[in-house]
Amino acid sequence: MDTFVEHLLKRRAAPAAVVAVVCPFLLWGGLTPQWALAGLAAVVAWAGLWPTTSPADAPSATAPTVPLQKSAAPAAPVAMAGHGLPLSLLDALPDAALLLDSRGLIVTSNAAAQALSAVLIGRPHSHWVRAPELLDAVKTARETGEQQRCHVRLFTPVERSLAAIVSPIANEETSSRQLLVIVRDLTDQEQLSRLHADFVANASHELRTPLASIRGFVETLQGAAKEDPAAQARFLAIMQAQAERMSRLIEDLLSLSRIELREHVAPTTPVDLNGIAQDAIASLKQAAEKNDVTLIANIPHDQTLVIGDRDELAQVAQNLVQNAIKYGRKGGQVEVTLRRRDQQVELAVVDNGIGIAPEHLPRLTERFYRVSAKDSKERGGTGLGLAIVKHIVNRHRGELQISSVLGQGSTFTVAMPAATVVG
Ligand code: ADP
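What counts, and at which threshold
Within each chain, residues carry numbers counting from 1 in the order of the written sequence. Local features in this predicted model are restricted to residues whose pLDDT is 70 or higher, and side-chain atom pairs enter the listing and the counts only when it is 80 or higher, whereas totals over whole chains, interfaces and linings include all residues. The side-chain quantities take in all heavy atoms of the structure and omit both hydrogens and water. The pairing criterion is simple: DSSP has to find at least two bridges between the two strands. Each helix corresponds to a stretch of at least 4 residues labelled H or I by DSSP, and each strand to a stretch of at least 2 residues labelled E; elements are numbered beginning at the N terminus. Every axis corresponds to a line fitted to the C-alpha atoms, with the helix fit spanning only the stretch in contact, and the corresponding angles, defined between N-to-C directions, vary from 0 to 180 degrees. A contact between two residues is defined here by any heavy atoms of the two lying within 4.5 Å. Cavity and pocket criteria rest on a 1 Å grid covering protein atoms alone: a 1.4 Å probe that fits but cannot get out defines a cavity, protein on both sides within 12 Å along at least 5 of 7 lines defines an open pocket, and an atom within 4 Å of a point defines a lining residue. Grid points are joined across faces, edges and corners, and a volume is the space filled by probe spheres set on the points. Each residue is assigned to one of three groups, with Ala, Val, Leu, Ile, Met, Phe, Trp, Tyr, Cys and Pro labelled nonpolar, Asp, Glu, Lys and Arg labelled charged, and all others, Gly among them, labelled polar. By this rule, a helix spans an expected 1.5 Å times one less than how many residues it contains. Only protein chains enter the accessibility calculation, which uses a 1.4 Å probe; a residue whose area is less than 20% of its type maximum is buried, one above 50% is exposed, and one in between is partly exposed. As used here, the arc belongs to the directions running from the helix axis to the C-beta atoms.

### Some points on the sheet that holds strand β3 (residues 148–154)
Strand order across the open sheet formed by 5 strands is β2-β1-β5-β4-β3, with antiparallel pairing between neighbours. Here the strands that pair on one side only, and so sit at the sheet edges, are β2 (106–109) and β3. Within the sheet, the average angular offset between the axes of one strand and its neighbour, ignoring direction, is 25°. As defined by bridge partners, β3 adjoins strand β4 (residues 160–171) across 7 bridges and the pair is classed as antiparallel. Bridge pairing in β4 places His 151 opposite Ala 163. The strands touched by helix α6 (residues 132–144) within the sheet are β1 (96–100), β3, β4 and β5 (176–185), with β3 carrying the most contacts at an inclination of about 165°. Sheet strands in contact with helix α7 (residues 187–222) are β3, β4 and β5, and its direction is about 145° off that of β4.

Right under this line is the structure:
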């Protein structure tokens, strides 16, 4: 710690100088001792009280000195566009948003609003989305100062379903009232609900038909055919076929829902497609013979590995070969080829059967879509086989390609990334 003199010498240059002047006076008797002591006391008091530095930069005597720390970077200033709303706020909204002035003219908008329809800043909002419901909502919100909600259906350029909320907001900068219009596009959501409802309706219809048939035959067997063994045998065979059809439908519906549930989770284990393709061919040999179709297998001896789910891939091979047999030509052939092409593995099923007209090709993988429902039912189809194939292939990050010539035959090709074996 500094002595008082060091303190004076080091930090108090001015009082030290005074001491240096006073002391010789005292020693030489130029001052009376009383005056000299009074002067010395005044200098000491002054030296103790006089601040050495400005208060702003002197650390306080009591507070510990803390090393200067860099403060966190100051937040980027929020851009205000003169209308009182931070610009980034509108752009952060996922829905289309417009800010209108008190006359209903567009002050600003976000990218989602532009994407919905071209926005002309400074023009009436009706130039953006022209719908009577939205015009009314804006007018009422302006007049009443209360939030308004409405539903808007647009028909051009494509049909759209929109939900709008118009909220009056006070602009403190200009002390005027503005309107914030937020519009949510419900089109995809509604389409999804419609698809779901259609699917349930289709599935119920598909199940109801064989069920009605079975009930009809049960009544006949209990009544008119009670004493007719020949009719009974005929009806029982039909009932059995209908019951089998119902179980196939239920099986396919359950498969589809199981696959859909895990479609986003890619499989992780390597499986050999050779064995899977060969098993499918072996299990359908009888069906092919029954339909007078020759099965030809072009399957390499080496393993053909993909990362996949064995049961699901077996279902893909089974459904494609089964279809090729079902819709094949009597006396015709079905060729199953497994090959590696670059980093892909391809499973191609080629038939020379009835073929498919080009307008049907894009819809074949929709649930219950059939070129001919009668044909499909007669051949034991459910209308779900290709939908199942598509979902499984999606889960395996693969691709399903369909090419066909009406009256000549079809080729269904599944391409998937090949698995590389490490070690
Ligand atoms: P289905 O149970 O009716 O066969 P799929 O989903 O498997 O249902 O197939 C949908 C439709 O695609 C079939 O109804 C049929 O019209 C057509 N289709 C599928 N595979 C073939 C094929 N190899 N040749 C001709 N048409 C086919």
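### Some remarks on empty space enclosed by the protein
If you walk through the whole model with that rule in mind, you get 1 cavity of 30 Å³ or more. The space that makes up the largest cavity amounts to roughly 40 Å³. In terms of lining residues, the largest cavity is bounded by Leu 273, Leu 313, Val 316, Ala 317, Leu 347, Val 414 and Met 416. The dominant element in the lining of the largest cavity, judged by the number of residues it contributes, is helix α11 (residues 310–326), at 3 residues. Along the lines of polarity and charge, the residues of the lining of the largest cavity split into 7 nonpolar, no polar and no charged.

### Describing α6
Here α6 is 13 residues long and its end C-alpha atoms lie 18 Å apart, about the 18 Å a rise of 1.5 Å per residue gives. Every buried residue belonging to α6 is among Leu 134, Ala 137, Val 138 and Ala 141, and all of these are buried. Viewed along the axis of α6, the buried residues span an arc of 95°, placing them on a single side of the element. Away from the buried face of α6 by more than 90 degrees, exposed residues Pro 132 and Glu 143 are located. Here the buried face of α6 lies against β1, β3, β4 and β5. Looking one or two residues past α6, Gly 145 carries a phi angle of roughly 75°, positive in sign.

Keep in mind these numbers describe shape, not what the thing actually does.
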